[in-house]
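Observations on the model geometry
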Amino acid sequence: MEAQIEALRAEALAAISAAKDARELDAVRVKYMGRAGAIPLLSEGMRNVPKEDKARVGKALNALRTDVTAALESAVQAIADAADNAALADIDVTLPGIAPAQGSIHPLTQLLDRAVRIFRRMGFALADGPDIETEWHCFDALNTPPHHPARNEQDTFYLPDGRLLRTHTSTVQIRTMETQSPPVRIIAPGAAYRRDEVDATHLAQFTQMEGLYVAEKVSVADLKGTLEFFLRELFGENTKIRFRPHFFPFTEPSFEIDIQTPATGGKWMELAGCGMVDPAVFQQICDRRGDEVYHPDKVSGFAFGFGLDRLAMNLIGIPDIRMLVENDLRFLRQF
Amino acid sequence: MKISLSWLKEFVPYEGAAQDLGDLLTRAGLEVGSIETRGADFPKVVVAQILESNPHPNADRLSVCKVDDGSGEPRQIVCGAKNYKVGDKVPLALPGAVLPGNFKIKSGKLRGVESDGMMCSAKELNLAEDAQGLLILSPDLKTGTPISEVFPPETVLEIEITPNRPDWLSHAGVAREVAANTNLPATSPNPGIAPTREDAAVARIEDATACPFYSVRRISGVKIGPSPEWLRRRLESIGLRSINNVVDVTNYVMMELGQPLHAFDAAKIAGGIIVRRAMAGEKFLALDGREYELRSADLVIADSGRAVALAGVMGGEDSGVTETTTDLLLESALFDPPTVRATARALDLHSDSSYRFERGVDPAGVLLASARAVELILEVAGGVAEETVVVAGALPPLEWTVELAYSRCRDLLGVGISNDRVNAALAKLGLDKVSGDDAKSVWKIPSGRADLTRDVDLIEEVVRLVGIESIPSRLVGAPTLATRADATYDDAMHVRRSLRDLGFSEARTSTLVSRASHSAYPLMELRNPLGEEQSALRPTLLTGLLAAVERNLNFGATSVRLFEVGRVFSASQEEQVDRVALVMTGERVAKSWRDSGDESFDFFDMKGVVQSLVRSATFHHVSREPFALAVEVKVGDASAGFVGQISPSAARAMNARGPVIAAELRLDLLEAADQVREFVPIPKFPAVTRDFAVVVPRDMAFGTIEAAVHAAQEPLLAGMQVFDVFADDTGAKLPADRKSLAFSLTFRSPERTLTAEEVTAACDRLKAGLRSQLGVDFRE
């Protein structure tokens, strides 16, 4: 009996190692370990083993069963591993990756959002106003003389009811002061419109960002500090900034801001208009509100505004401003 | 405005470089756009005459010339040009001269022959962009004359003047500003002003608002002819055309002092001059040769018969100075800015004169400019001026005062500037301190500075002169509480980022759209559009977005997903609303070595995107032009927008190869960017799922079955998922008017593991309900 066991062990192990794939291995398993397999068959011979030998032979049989089972398991594992390895080895890792579809956010929005984040870090909140405005909000309240050319039908879009499309986001200054008491510290991004023929550097509709800070004793020093911080954050620490005296009806004194950075090709680029809110604007607000919280003797403030389209054009280096509104995916997906 | 540097230097002894002057003016608020230098300012370049020209012994293309450079010693020059003849006078660069491009002229040998200088072309002296051959000069020039005398160097600055500073619209005005910024003294012409008299028979004003003051001076016996060289050159250097000596003087004085003038031929003026409003429909033939039909609001200068000038804008064609003129009437006046502006605009007739009157001229300069022009006319055209100037009307106040508190100046500028510095700055601008103490001062303002009426106006002048560089930067201020606008902005950015992550690219389309293509909407239209294509405010974002889709398809895009966040307009209660719109078409998964790209986006892709933006959305079938399929999206009872698929034929027309699906939603009803969500406990006990298949009429919506299942309010039911929809048009596997829906129901209890029996009981109740309510057949 024990000789049979040893012979069967040798035979089974040889068959296992000879099996080339899972199917052959399964046949080997059935042949030796199956219900009618060689090992169960041999086990039936235990009945004829003398009593004193039973323990020893039984142990040998068990060992046979354990060894063959272990050999089968490791052979199954080896064959599965080999198949897995072969499958992985077949992967050509030089084929291109396949990314999930990603869209893009418009470069103008990205620029605007950067600007918004910088001002928010300085403690500014956002404000908003309508695109369709009254002449009062767009011009009168902003101290624009009655015959000022900007009011002209040639330069400004009007609606039949006498209202207009705001020509600048400065209207939001007025909207904000009408409803909020000082201190106010806001930025207002939005669309503005001018009756310009569209060409490589002009759009009839453009995007502006307006800012306003009104409180007690706000000064030119605050204006400088705020805008210098903003511009250095946006364009880099070494940006050169120049404030140049200018004229706007709604600020006095008024300045234009030029910057010089590698992004402007080393040249001065006109970027923004700014200044101290003109007392005449505060007076209009007081008259409108019917109170004196914005009286020019009590508060002062600065305002600024800049266009984002031309800035985006310079920053990303596009030759024609119309690319910003053509919505060509080959353009949009670059950003 | 163009400013000639040499002209400017007549009034201020500025000796620095033109570029430095440009920087100085820009810092002072006169933005210098360009600085152009004309003429030839090259030392050691002289007029030379070619004495002889012989072939070069070693080079076919070269000649060896002997030239007279004025020194008496002939000079030998090797030359490559062919366009000259012996005897011509040409520019000669002597050794040591430096030409443009840092080209240094030296003596040397050219192909073995000595050459002692170089004869120049116009291009080599920067006198022309492009020039072939030598520049042949006038035979009248003396040899040896420096070329800078032949082409005197002239530097011209192009300056942008802000509308508040008409006092800068002249050379004397800019010179005053240079002086104020440099401590140099400024001067200005100072002709003796003639006595005045009023004589209504000579000049009278009918409308004192439109013309407060008018002056006219007679000059007899002038000889009209070309202007002398200096006068012609001055005007041409700043871009004006020389006409004749008298007209040139009037233009010259305008550019010198800022006061526009006009000279009439006295012989062509019948009777006295009347300043009056035009008669409606009155015809006027202007100097530009065009006839204008006037409005009753236009102001004219008239004689007894007709309008002879459009006041402050342009003179008349048949009353101007010509070569036959002998007697002049020289006008110098003040006209009301809005009147001049309205006329110039209405007639689209703009002149250097109207430009200045629109902004306002200095009342103190009216008689001064007249005197200056008389002085120059007598000099260049001869004649005799009448001793008195005839005037009508009255000059407005020539001076006023403004009070300034020094503390206000310091507060507004944010710098501790001393009283003395403030005083010094204002004094430099010609303001006179008439009284004051440590706290405040009172300043007399010159009449040309109509922009200075309040203390802030003076503070602006102070900061201009001390320079904003001297003000320290300060960054303080309390943060402001977020507003509704902050939330709206954050929500919009949140939507943008979500859509970007879902594969959409952000577009920006025009707010102005065609009226004709949106006639179905209650439109907000423009009164003065730039054309039909931009005649209305967009009532939807989708027109622009679909146009962008088509454009991209035409460029060969195989998958297009675009969105826009923007404002739409409607002639209704809600005039301006912010919305987000989306469009998608083409390959759902991009074609690659792994994926076929055969599947196209369909309605359910868009519905899924919308559901991710508005979790609580419900969908309701509607009809909506021009969409073949449309559903309204609701949040509660409020309409949040819609999802639609354009008709297949319209999709094909825009070159789409599959469905084109669009959606437009209100921004304010989407998921907020920042919201606090309440925790829902994670289930502790396992769920049991059962699958069902039902056969129903083709037109029964899944939503109907779903609603019935939920209406049963089975307490253990936790969810319903549809996983198969099947119909067979051939009727082979299923009658053609029926469809099969397969769905699974999930049951769960928060308290215990469910038993098979209770799930089965719940399922039986639901099935019974569906059978009886909807007549649904269950396939077992």
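Residues numbered from 1 in each chain as written. Chains lettered and ligands numbered in written order. Predicted model: local features only at pLDDT ≥ 70, side-chain atom pairs only at ≥ 80, totals over all residues. Heavy atoms only, no water.

Let's shift gears to the overall build of chain B. If you tally the helices and strands in chain B, you get 18 helices and 42 strands. What you see for chain B is a C-alpha radius of gyration of 42 Å, clearly larger than the 28 Å of a compact globule of 780 residues, by over 25%. Taken along the three principal axes of its C-alpha coordinates, chain B extends 125 × 85 × 60 Å. Within chain B, the proportion of its 780 residues that are buried is 48%. Across chain B, contacts joining residues at least 24 apart in sequence account for 67% of those joining residues at least 6 apart. Of the roughly 36300 Å² of accessible surface on chain B, 51% is carried by carbon and sulfur atoms. (Helix = DSSP H or I, 4+ residues; strand = E, 2+ residues; numbered from the N terminus. Rg over C-alpha atoms; globule rule 2.2 N^0.38 Å. Buried < 20%, exposed > 50% of the residue type's maximum accessible area, 1.4 Å probe, protein only. Contact = heavy atoms within 4.5 Å. Areas by Shrake-Rupley, 256 points an atom, 1.4 Å probe, with all protein chains shown as cover.)

All names here are of chain B. Strand order in this open sheet of 3 strands is 30-32-31, and the pairing throughout is antiparallel. The outermost strands of the open sheet, each flanked by one partner alone, are strand 30 (512-513) and strand 31 (524-525). Pairing between strand 30 and strand 32 (residues 536-537): 2 bridges, direction antiparallel. When the bridges of strand 32 are listed, Leu512 appears paired with Leu537. (Pairing = 2+ DSSP bridges.)

Moving on to helix 12 (residues 455-466) of chain B. All names here are of chain B. For helix 12, which comprises 12 residues, the first-to-last C-alpha distance of 17 Å matches the rise-based estimate of 16 Å (1.5 Å per residue) to within 8%. With 11 of 12 residues buried, helix 12 lies mostly within the body of the structure. What helix 12 keeps buried is the set Val456, Asp457, Leu458, Ile459, Glu460, Glu461, Val462, Val463, Arg464, Leu465 and Val466. At the exit of helix 12 stands Gly467, carrying a positive phi of roughly 90°. (Expected span 1.5 Å × (residues − 1).)

Let us look at the interface of chain A and chain B. Contact with chain A, which involves 86 residues of that partner, is made by 84 residues of chain B. Here chain A packs against chain B, burying approximately 7300 Å² in sum over the two surfaces, 53% of which is carbon and sulfur. At the junction of chain A and chain B, the tally comes to 12 salt bridges. Between Glu31 of chain B and Arg244 of chain A there is a salt bridge, and its shortest N-O distance comes to 3.2 Å. At 8 residues, the largest contribution of residues to the side of chain A that touches chain B is made by helix 8 (residues 220-235) of chain A. Among the residues making up the side of chain A that touches chain B, the classes are represented as 40 nonpolar, 21 polar and 25 charged. (Buried area = accessible area lost by both parts, 1.4 Å probe. Salt bridge = Lys/Arg side-chain N within 4 Å of Asp/Glu carboxyl O. Nonpolar A, V, L, I, M, F, W, Y, C, P; charged D, E, K, R; others polar.)

Let's shift gears to the nonpolar core. In terms of nonpolar packing, the biggest core is built from 68 residues, with Phe119 and Phe230 of chain A together with Leu413 and Leu458 of chain B touching the most fellow members. Formed by 51 residues, the second largest nonpolar core is a distinct cluster that contains Ile219, Val222, Ile238 and Ile377 of chain B. (Core = buried A, V, L, I, M, F, W, Y, C linked by side-chain atoms within 4.5 Å.)

All names here are of chain B. Tracing the sequence through the fold places Val614 in the loop between helix 15 (603-613) and strand 35 (618-624). With 162 residues separating them along the chain, Val614 and Val776 place their C-alpha atoms 32 Å apart. Beyond its immediate stretch of four places on either side in the chain, Val614 contacts Val635, Leu665, Leu669, Leu670 and Glu671.

Attention shifts here to a negative patch on the surface. Residue and element names in this part refer to chain A. Among the surface-exposed residues, Asp155, Asp196, Glu197 and Asp199 lie close enough to one another that they form a single negatively charged patch. Assignment of secondary structure puts Asp199 in the loop between strand 4 (184-193) and strand 5 (205-215). Overall, the relative accessible area of 31% leaves Asp199 in the partly exposed class. (Patch = residues over 30% accessible without salt bridge, like charges linked within 9 Å, V, L, I, M, F, W, Y side chains within 5 Å. Lys, Arg positive; Asp, Glu negative; His and termini not counted. Charge placed at Lys NZ, Arg CZ, Asp CG, Glu CD.)

All names here are of chain B. Two strands pair when backbone bridges link them, and strand 4 (residues 63-68) and strand 5 (residues 74-79) are joined in this way by 6 bridges, in the antiparallel orientation. The partner of Asp68 across the bridge, within strand 5, is Pro74. Between strand 4 and strand 5, which follow one another and run antiparallel, lie 5 residues, and Gly70 among them has a positive phi close to 90°.

With that settled, consider the sheet that holds strand 17 (residues 273-277) of chain B. All names here are of chain B. Ordered in space as 14-17-20-21-22, the 5 strands form an open sheet in which the pairing is mixed. Edge positions in the open sheet fall to strand 14 (203-205) and strand 22 (314-315), since each of these has one partner strand only. Looking at chain direction, strand 14 and strand 17 are connected through 3 bridges and run parallel. Within the sheet, the bridge partner assigned to Ala203 lies in strand 17 and is Ile273.

Looking now at the packing of helix 10 (residues 406-413) of chain B against helix 12 of chain B. All names here are of chain B. In the contact formed by helix 10 and helix 12, the axes pass within 10 Å of each other and the chain directions differ by 60°. One finds that helix 10 runs oblique with respect to helix 12. Viewed along their axes, helix 10 and helix 12 form a crossing whose handedness is right-handed. Residues Arg408, Cys409, Leu412 and Leu413 of helix 10 lie in contact with helix 12, whose contacting residues are Asp455, Val456, Ile459, Val462 and Val463. Of the residues contributing to the contact of helix 10 with helix 12, the split by class is 7 nonpolar, no polar and 2 charged. (Axes fitted to C-alpha atoms, helices over the stretch in contact; angles between N-to-C directions. Parallel < 35°, antiparallel > 145°, perpendicular 65-115°, else oblique. Left-handed = near helix turned anticlockwise from the far one by under 90°.)

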